Amino acid sequence: MKIQAINGFKDILPEAVGRWQYIEQQARDIFERFGFQEIRMPILEKTELFVRSIGEATDVVEKEMYTFVDKGIAMRPEATASVMRAFIEHGLHVQQPVQRLYTIGPMFRHERPQKGRMRQFHQLDAEIIGASEPRIDAELIAMGRMLLDELGLNVSLELNSLGCPVCRPPFKERLVLFLEERQEALCDDCKRRTRTNPLRVLDCKKPSCRAVVQEAPSLLEVLCPDCDRHFVEVKTALEELRIPFQINRFMVRGLDYYTRTTFEFLTADLGAQAAVGAGGRYDGLIEQLGGPPLSGIGFAMGLERLALLMEQQNNRLIPAKGMDIFVAALGTATIAFAGQLTHALRHQGAKAAIDYSGRSLKAQLKQAGRINARFVLIVGEDEWMKGEAILRDMQTQEQRPFALSGSTEEQARRLLAMVWTAAAP
Ligand code: ATP
Ligand code: MG
């Protein structure tokens, strides 16, 4: 019996990894332009961390989190809570009042696997802690936009404000009254949510619930003066940076810690998996987790969805990675020498391949083609005895003699000089 991977857990095969590395590299590059530093946290955290941050009555904590019940630990379903835990634990704000942190890694949620929805998935996560100006919100959103543009993706931006502990509770009460009068029209989940998490009803995807919600009161109309000003200034700052957006007053996000600005980057090209990335402000979160009263804002993008969307929208060619040189040793006498030369080439920075099987030249050239080698050094027994080999340019098919004089290191250096010259644009 073959053992297969668990449903919802997927291998990322070498042919796909090029695209992943490309996305990660672009992300690192852009995040670092904005002054972000990388942080890496463990995959397991105390369950309590997510209960206190994401919220007990959220889908993520209630249904999707992988928890070791007997150990009180969970596999992280997202990154923000872990970043905050690490930030507080190490007092990072003491060294630098405003921290810009990013992390890339796997997250785990037990949901129904579909295209772009996995049980182990990967997020690019960016957080700015210790700054509350609206321009920070706009700058962070602009950074997400820059990455999406750099990847050539056509994705829209939706914006909302979720208010704060001053204006949200009275709004929630109004919303509950509104929903209670319309219970019979709501789905079973939303009937339950009316009491546990009424805001979630606003972004239920079921058509019947959507129809009800169209008439619901809007939080945007009852924001307190501070939240209202913040929202106006975020919108202005986005306009200044020429970032187009649309207001979506129904966007609530599935995590309880959000305050004020929330946003989503959306696509129509991944079916039900519309969000490529999402984020928002979480001004009370750090204090709620036992840290100093600092505000924060962040976003997370799903790597699976970015990779799928790239394939679908632009299928941009990621330069295939090839080898610089393949050393073809013909006849057993040459193998030791060829091995030493290959090692010296690698030592000096070349991507060098070798075949120890003593197969025919034809078979070895075929192998060199398969691994996309730029050059092949053919070391035949007779030539080798005379201190010679043949260098074949796999692009032009040209062959020329190569003198095996001097030390192995010197030979490697001379070969490398040719490889670099050929590679230069
Ligand atoms: P969705 O509405 O698709 O369930 P979400 O609101 O639960 O998304 P967040 O918690 O905001 O997602 O996570 C940020 C990003 O992480 C999402 O926009 C998405 O790109 C990605 N993501 C979330 N859950 C998954 C998953 N199960 N599989 C793949 N990517 C995911
Ligand atoms: Mg989800």
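Residues numbered from 1 in each chain as written. Chains lettered and ligands numbered in written order. Predicted model: local features only at pLDDT ≥ 70, side-chain atom pairs only at ≥ 80, totals over all residues. Heavy atoms only, no water.

1. Side note on the overall build of the protein chain
Stated formally: In DSSP terms, a helix is any run of H or I states spanning at least four residues, a strand is any run of E spanning at least two, and both are numbered starting from the N terminus. It is over C-alpha atoms that the radius of gyration is taken, and the globule rule equals 2.2 Å times the number of residues to the power 0.38. Classification of residues uses two cut-offs on accessible area relative to the type maximum, computed with a 1.4 Å probe and protein chains only: under 20% is buried, over 50% is exposed, and between them is partly exposed. Two residues qualify as a contact provided that any one of their heavy atoms is within 4.5 Å of a heavy atom in the partner residue.
When you go through the protein chain residue by residue, the secondary structure sums to 16 helices and 16 strands. Against the compact-globule benchmark of 22 Å for 425 residues, the protein chain has a radius of gyration of 28 Å, which places it well outside the compact range. C-alpha atoms of the protein chain, sized along the principal axes, occupy 95 × 50 × 40 Å. Classification of the 425 residues of the protein chain by burial places 52% in the buried group. A sequence separation of at least 24 residues applies to 70% of the contacts in the protein chain between residues at least 6 apart.

2. As for the sheet that holds strand β5 (residues 99-108)
Selection rule: Think of it this way: DSSP has to see at least two bridges between two strands before they count as a pair. To get an axis, a line is fitted to the C-alpha atoms, and for a helix only the part in contact is used. The angle between two axes follows their N-to-C directions and goes from 0 to 180 degrees.
Judged by pairing direction, the sheet is mixed, and its eight strands sit side by side in the order β1-β5-β6-β11-β10-β9-β7-β8 without closing on themselves. Of all strands in the sheet, those bounded by a partner on one side alone are β1 (37-38) and β8 (246-247). The pairing of strand β7 (residues 156-161) with strand β9 (residues 259-266) spans six bridges and is classified as antiparallel. Bridging from a neighbouring strand, Leu157 pairs with Phe265 of β9. Relative to the sheet, helix α1 (residues 14-33) contacts β1, β5, β6 (120-129) and β11 (296-302), its axis offset from that of β5 by approximately 160°. This element, helix α6 (residues 134-150), spans β5, β6, β7, β9, β10 (275-281) and β11 of the sheet and lies at about 15° to β11.

3. A look at the domain arrangement of the protein chain
Many structure descriptions define interface size as the accessible area lost when the parts assemble. To be explicit about the condition: Note that the domain bounds reflect an automated or database-derived domain assignment.
For the protein chain, the domain assignment lists domain 1 (14-167 + 223-313) and domain 2 (325-419). Relative to domain 2, the C-alpha centre of domain 1 lies at a distance of 49 Å.

4. Observations concerning a nonpolar patch on the surface
Heads up, the condition is: Residues form patches when they are more than 30% accessible in relative terms and have no salt bridge. Like charges link within 9 Å. Nonpolar side chains (Val, Leu, Ile, Met, Phe, Trp, Tyr) link within 5 Å. Residue exposure ignores everything except the shown protein chains as possible cover, and the areas themselves are Shrake-Rupley values with a 1.4 Å probe. Whenever Lys or Arg places a side-chain nitrogen within 4 Å of a carboxyl oxygen from Asp or Glu, that contact is recorded as a salt bridge.
Where nonpolar side chains cluster on the molecular surface, the patch consists of Ile43, Leu44 and Phe68 and spans about 230 Å² of accessible area. You can see Leu44 is positioned in strand β2 (residues 44-46).

5. Here we look at the site of ligand 1
What counts here: It suffices for a single heavy atom of a residue to lie within 4 Å of a molecule or strand for the residue to be listed as near it. We call two N or O atoms a polar contact when they sit within 3.5 Å, provided that within protein one can donate a hydrogen and the other can accept it, with sequence-adjacent residues counted only if both atoms are side-chain atoms. As a working rule, the residues Ala, Val, Leu, Ile, Met, Phe, Trp, Tyr, Cys and Pro are called nonpolar, Asp, Glu, Lys and Arg charged, and the rest polar, with Gly in that last group.
Neighbouring ligand 1 are 15 residues; Arg109, Glu111, Arg117, Arg253 and Arg305 lie closest to it. Residue Glu111 places a side-chain N or O atom 2.6 Å away from a nitrogen atom belonging to ligand 1. Between ligand 1 and the protein, one listed contact pairs an oxygen atom with a backbone N or O atom of Val276 at 3.0 Å. Protein burial of ligand 1: of its 580 Å² of free accessible surface, 87% is covered by the chains. Here the residues of the shell around ligand 1 are counted per class, giving six nonpolar, four polar and five charged.

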